[in-house]
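The primary structure of each chain is shown beneath.
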Amino acid sequence: MIINHPLLGQRDSSEFTYLGDAKLIERPDPDSETATHDFYKYAYLRDNPAGWHKELWFHEAGDRSWLVVTRNTLTHEISKVEMARDVAREKGRRR
Amino acid sequence: MIQKNRLEGGQIDTATLLKFKFDGKSYVGHEGDTLASALLANGVRLMGRSFKYHRPRGVLSAGSEEPNALVQLRSGARQEPNTRATTAELFDGLVAKSQNRFGSLRFDAMAINDRFSNFLTAGFYYKTFMWPKTFWEKVYEPIIRKAAGLGSLSLLDDPDVYDKGFLYCNLLIIGAGPAGLMAALTAGRSGANVILADEDFTFGGRLNSETFSIGDDSSAVWAAEAVAELSSFPNVRLMVRTTIIGAFDHGIYGAVERVSDHVAIPDAGKPRQIMWRIYTQRTVLAAGAIERPIAFENNDRPGIMLGSAIRTYANRFAVAVDKSVAIFTNNDDGHRTAADLHAKGLKIAAVVDVRANAPLSMDFEVLQGQVINTKGRLGLTFVDVKLSDGTIRTLDIGALGMSGGWNPNVHMTCHQRGRPRWNESLAAFVPGDTLPNGMIVAGAANGDMSTAGALHGGAQAARVVLGLKGSMPKLPTAEDAPIRLTPFWYVEGCSRAWLDQQNDVTVKDVKLSHQEGFRSVEHLKRYTTLGMSTDQGKTSNMGGLAIMAELAGKTIPEVGTTIFRPPYTPTAIGALAGRNRGQDFHPKRLTPSHKWALEQGAVFVEVGNWMRAQWFQKDGETHWRESVDREVLATRSSVGVCDVTTLGKVDVQGMDAANFLNKIYCNGFAKLAVGKTRYGLMLREDGIALDDGTAGRLANDHFIVTTTTANALPVYRHMEFVRQCLFPDMDVQLISTTEAWAQYAIAGPNSRNLLEKIIDQDVSNGAFPFMSCANITICNGLRARLFRISFSGELAFEIAVPTAYGDALIRKIMEAGAEFDVTPYGTEALGVMRIEKGHATGNELNGTTSALNLGMERMVSEAKDSIGSILSRRKGMNRADALFQMGVKPLDLSDDVPAGSHLMNADGPVDAAHDQGYVTSACYSPNLGHAIGLAFIKNGSNRIGEKMRLVSPLTGVDVAVEIVSPHFIDPQGERLRA
């Protein structure tokens, strides 16, 4: 596969390490009253869609960026590649 | 030596004589021959034995689709099994052997299987070897294994080099027949960056096998001229002997270039093969078509071949398979073969056509009928033809061509889950609507079977994929015959009509499979083995599908095809491995002290990709334990030095550096003073320990984090994840500096005395107490880092210098330490000392253990949030009987306590249900004089002094042990604070 890195352009997927569901960005609030249950869901529950999937890839043999790649798990078509840091900020993550 | 079946003409160089051997007998052939064509020229039709029944078999085809003529090529270390004689290029000195025979090729003892064919039908193995059950492993399987299989391996290392390479182009053209050449000419003239690849050693495809003309030239001459023009384009790369093996995601194609397969030994510096990864935006698939046989009684005798193959051998290789030939056909192409052979002066006994409306000829007899049987034990002698009026004619011939129509080569169109589409007029599958991205199909592969159609299709395809403007180039006039075909798959009423000759699958087997309830085409394949092995059913699948459809009362497209998967043809493991084999399987990383360690007699061990000194063998030491015990005792009594460069080092800088460390470590770092180091435990978000190490604070906004050697990469990845994905606005930067610093541990009571001789600062206990760190200089000005940390439990320091000075520093340490008998120690002594001290490593942080298990539950700070802190407080991870890291020692001090053994209550049953824990690390302690171990034990902290059984039923371990503190040496830590 080829991943179109937002900063570096097209790169072979062999330069990357795969992590999984981009929902991992949405780490729950540790101070919430439901924190234990929220973290249980965060750590263990994942969707496994046959189709479009947002997932985390790390450009390990490259610039060390974490990327959010929107990929179709049936066809391997990639429709969008974003810097994970930008996605995290969009989701309200800060310091 | 006379080649009795050699004709005039052809594309061979008769001036060059090439000597070769087949089954020990010498023959000659010419440059331009394949092994198959040269054998046929010498009158050799019998080339192998079939897989199951050991039936005598000859060559069926003239290409890579060959199911039968598989030989063992070359000898010695270069021996290569299952090589298709039809694609093996002849070279001087070639040696080949036939396969799958017990005895000689002519008298094969296993041919007895053929007599029992009624029993050896589809599913025979599944049905027969079911009982008695115990017989499978000891009796049946070894016998079957010996009898099955085709060629054999030499079991010697392959002496040749295989390479990998990367290529980029605007347009990849697969196949260099009329469509591929025309596409390449069109694209090449436009200036596009083109790769044209063909598996054959000569470009031209079928153009080299035909007698018709293109424009004013013969088809072969036209092809040669096209290649000459293409060679003049700097933007076109021509790749002969190159098979595209697969169409992978996003325009990536795998290609195997057989650089040296056509010579006895690769030229100096040349690889045997190259596995190319071709990145392309567009692809024209011009892979042509493959002729299919017809199933009839005993249609597998040597001499019975595809009609087009007989034509290829005559026209391209100037070989008559036999002087007297017949053709069995259901379409006009069979007549073309007959006409070509007649023109070559061969006798056409008859063209047997199943059609009522078959064209007639002035040159040979055309019979309406079917071939119903053949004779000839080791090669065809007679065929029986049943004419349409019911009479039987016997033809006395040595070669029979089968022409059942052509299958477009859709293989590569299906590599991205595409499904081919049925074409009624061809009675064949053609490429479907869903092709790999950027691919377009042209020529016979697309169902355009005439030469004119292929030339037009190739030019058009190149224009479309490249978006070329302007009018279509003027194409030369060429053969443009229509397809006239009546689908015909098999002759009725046969008991042994072969569909798949490689796997010995008959029409009857397919019927049996249907009768036994196998309805899916994929099940048919697995049950009968139709379409398996090296040819993957290139000539046999369609026949099987047609019969299955007929039995099920369905159409062929309703039955569908099995899935085509890469590789297109068998690919050598060597080509896939490239240079990554043996010592070079993965990169080897050497520490800065490697050369020095070699000089000291170090024995090395792989740790990840690193080579680390395991121990340093001195003269006279005969057992590794002698060396390790000496290193441990010398370190604990005076001073030892160990290369710890391989530990991961991450430089963390920024205003939020301390906040960041507070997140990744479960214990607190915000209050760590500048100039101090702290042990840190990292958890995964699920509360399990991820890694441990130390972090030293060199400045308010600057930390050095160390990781274990094995986890250097995953931990760095995790830290970047936390930084970028969880806390994107933290002011913190990370960089791995593992390779930038050479680092040595200097441990033992004399370590300070040694250090004082080489460093420029005061490192007295007052000035540089336990857990200090600092930027320092050594040897009058060289920058260095010093950490007062201890893994061994002794007074110890770790000193780091820029990598380039690593070799100089170890030599300096050895020189300065000579007066203290400084002793280099390796990873084994390191391991012994940390077990003696009760320090955890990867054996304990094994992906299942929590801070509590490790005895560090109080480190998980409740005052702050950190990765894993929430879930580490879960009830299930804090049970009263949770595993706890403890020490074990044998009651009988001469016993071992092997790691991996399990602990059981002294008086309880020994079974998994009563498991009390297990030993993670064990060694012989030279300081204590007996074996010791670290173990996870249920409720372990409350069981000190308890006697237990340590068992490993599998390996026969059963030792009485006592639970003790994991701190075997200096439990109060007085030495390291000295």
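Residues numbered from 1 in each chain as written. Chains lettered and ligands numbered in written order. Predicted model: local features only at pLDDT ≥ 70, side-chain atom pairs only at ≥ 80, totals over all residues. Heavy atoms only, no water.

Peer 1: Tell me what's going on with the overall build of chain A, and back it up with residues and numbers.
Peer 2: Across its full length, chain A holds 2 helices and 6 strands. Listed by position from the N terminus, the elements making up chain A come as β-β-β-α-β-β-β-α. For chain A, the spread of C-alpha atoms along the principal axes amounts to about 45 × 30 × 20 Å. The proportion of buried residues among the 95 residues of chain A is 43%. Taking the intrachain contacts of chain A between residues at least 6 apart in sequence as the baseline, contacts between residues at least 24 apart amount to 49%. (Helix = DSSP H or I, 4+ residues; strand = E, 2+ residues; numbered from the N terminus. Buried < 20%, exposed > 50% of the residue type's maximum accessible area, 1.4 Å probe, protein only. Contact = heavy atoms within 4.5 Å.)

Peer 1: Break down the sheet that holds strand β43 (residues 823–824) of chain B for me, with residues and values.
Peer 2: Residues and elements named next belong to chain B. Taken in spatial order, the 6 strands line up as β40-β41-β42-β39-β33-β43 in an open sheet, and their pairing is mixed. Sheet topology places β40 (773–778) and β43 at the edges, where each strand pairs with a single neighbour. Of the pairings in the sheet, the one linking strand β33 (residues 640–643) to β43 comprises 2 bridges and is parallel in character. Looking at the pairing, G640 lines up with T823 of β43. (Pairing = 2+ DSSP bridges.)

Peer 1: Can you tell me about the environment of B:A36, naming the residues and giving the values?
Peer 2: Residues and elements named next belong to chain B. Residue position: A36 is located in helix α1 (residues 35–41). Put simply, A36 and S61 are 25 residues apart on the chain and 9.3 Å apart in space, counted from C-alpha to C-alpha. Look past the residues within four positions of A36 in its chain and what remains in contact with it is M47, V59, A85, T86 and Y313.

Peer 1: Can you tell me about the pairing of strand β32 (residues 610–616) of chain B, naming the residues and giving the values?
Peer 2: Residue and element names in this part refer to chain B. Counting buried positions along β32 yields 7 of 7 residues, so the element is predominantly enclosed. Pairing geometry for strand β30 (residues 589–590) and β32, over 2 bridges, is parallel. The residue of β32 that forms the bridge with L590 is M611. In the sheet, strand β31 (residues 602–607) pairs with β32 via 6 bridges, with the strands oriented antiparallel. Bridge assignment links V603 to a residue of β32, and that residue is W615. Taken together, β31 and the strand that follows it, β32, pair antiparallel across an intervening segment of 2 residues, in which G608 is found at a positive phi of about 60°.

Peer 1: Could you give me a rundown of the packing of aromatic side chains, with the residues and numbers involved?
Peer 2: The full count for this structure, using the stated rule, is 19 aromatic pairs over all chains. When the ring of A:F39 is compared with that of A:Y42, the centres are 6.1 Å apart and the planes differ by 80°; the resulting orientation is edge-to-face. Placement of the pair is A:F39 and A:Y42 together in helix α1 (residues 35–44), with a separation of 3 residues, close to one helical turn. Judged on exposure class, the residue A:F39 and its partner A:Y42 are both buried. The rings of A:F16, A:Y18 and A:W57 are connected pair by pair, giving a single aromatic cluster. In this structure, B:R57 is placed above the aromatic ring of B:W498, and the distance from its NZ or CZ to the ring centre is 5.0 Å. (Phe/Tyr/Trp six-rings, centres within 6.5 Å; stacked < 30°, edge-to-face > 60°. Lys NZ or Arg CZ within 6 Å of the ring centre and 35° of its normal.)

Peer 1: Can you explain the packing of helix α5 (residues 178–189) of chain B against helix α6 (residues 219–231) of chain B? Please cite residues and give values.
Peer 2: Residue and element names in this part refer to chain B. At their nearest, the axes of α5 and α6 sit 10 Å apart, and the two run at 25° to each other. For the element pair α5 / α6, the angle class is roughly parallel. Regarding α5 and α6, the two cross each other, and that crossing is left-handed. Listed contacts from α6 to L181, M182, A184, L185 and R189 of α5 are W222, A223, A226, V227, E229 and L230. (Axes fitted to C-alpha atoms, helices over the stretch in contact; angles between N-to-C directions. Parallel < 35°, antiparallel > 145°, perpendicular 65-115°, else oblique. Left-handed = near helix turned anticlockwise from the far one by under 90°.)

Peer 1: I'd like to hear about the domain arrangement of chain B, residue by residue, with values.
Peer 2: Entries for chain B in the domain assignment read domain 1 (1–156), domain 2 (162–289 + 408–466), domain 3 (293–404), domain 4 (648–737 + 848–867) and domain 5 (879–978). Once you take the C-alpha centre of each, domain 2 of chain B and domain 5 of chain B turn out to be 67 Å apart. (Domains from an automatic or database assignment.)

Peer 1: Lay out the interface of chain B and chain A with the relevant residues and their values.
Peer 2: With 31 residues of chain B at the contact, the number on the chain A side is 33 residues. For the pair chain B and chain A, the two sides together bury roughly 2900 Å², of which 55% comes from carbon and sulfur. Our count for the contact surface shared by chain B and chain A stands at 8 salt bridges. Between B:D865 and A:R27 there is a salt bridge whose closest N-O contact spans 2.9 Å. The biggest single contributor to the side of chain B that touches chain A is helix α18 (residues 712–726) of chain B, with 9 residues. Broken down by class, the residue content of the side of chain B that touches chain A amounts to 15 nonpolar, 5 polar and 11 charged. (Buried area = accessible area lost by both parts, 1.4 Å probe. Salt bridge = Lys/Arg side-chain N within 4 Å of Asp/Glu carboxyl O. Nonpolar A, V, L, I, M, F, W, Y, C, P; charged D, E, K, R; others polar.)

Peer 1: I'd like to hear about unusual backbone geometry, residue by residue, with values.
Peer 2: Residues and elements named next belong to chain B. For the bond running from P566 to P567, omega is 0°, close enough to zero to count as cis. Within the element layout of this structure, P567 appears in the loop between α13 (556–559) and α14 (573–577). Look at H54: it is not a glycine, yet its phi comes out positive at around 55°. The residue H54 is located in the loop between β3 (48–49) and β4 (56–57) in this model. Taking relative accessible area as the criterion, H54 reaches 1% and is therefore assigned buried. A positive phi angle, near 50°, is found at R241, a position not held by glycine. Structurally, the position occupied by R241 is in the loop between β12 (236–239) and β13 (242–248). Under the relative-accessibility criterion, R241 is labelled buried at 18%.

Peer 1: Any chance you could break down helix α10 (residues 507–515) of chain B for me, citing the residues and the numbers?
Peer 2: Here α10(B) has its buried residues at B:V507, B:D509, B:V510, B:L512, B:S513 and B:H514. Within two residues after α10(B), B:G517 carries a phi angle of roughly 100°, on the positive side.

Peer 1: Describe the nonpolar core, listing the residues and the values that go with them.
Peer 2: Residue and element names in this part refer to chain B. L35, F296, Y313, F328, L395, L400 and I556 are the most contacted members of the largest nonpolar core, which totals 95 residues. Setting aside its immediate chain neighbours within four residues, L400 contacts F296, G303, I304, M305, I310, A326, I327, F328, V371, L380 and V383. If you look at the next biggest cluster of nonpolar residues, it comprises 42 residues, including M719, M730, V732 and I867. (Core = buried A, V, L, I, M, F, W, Y, C linked by side-chain atoms within 4.5 Å.)

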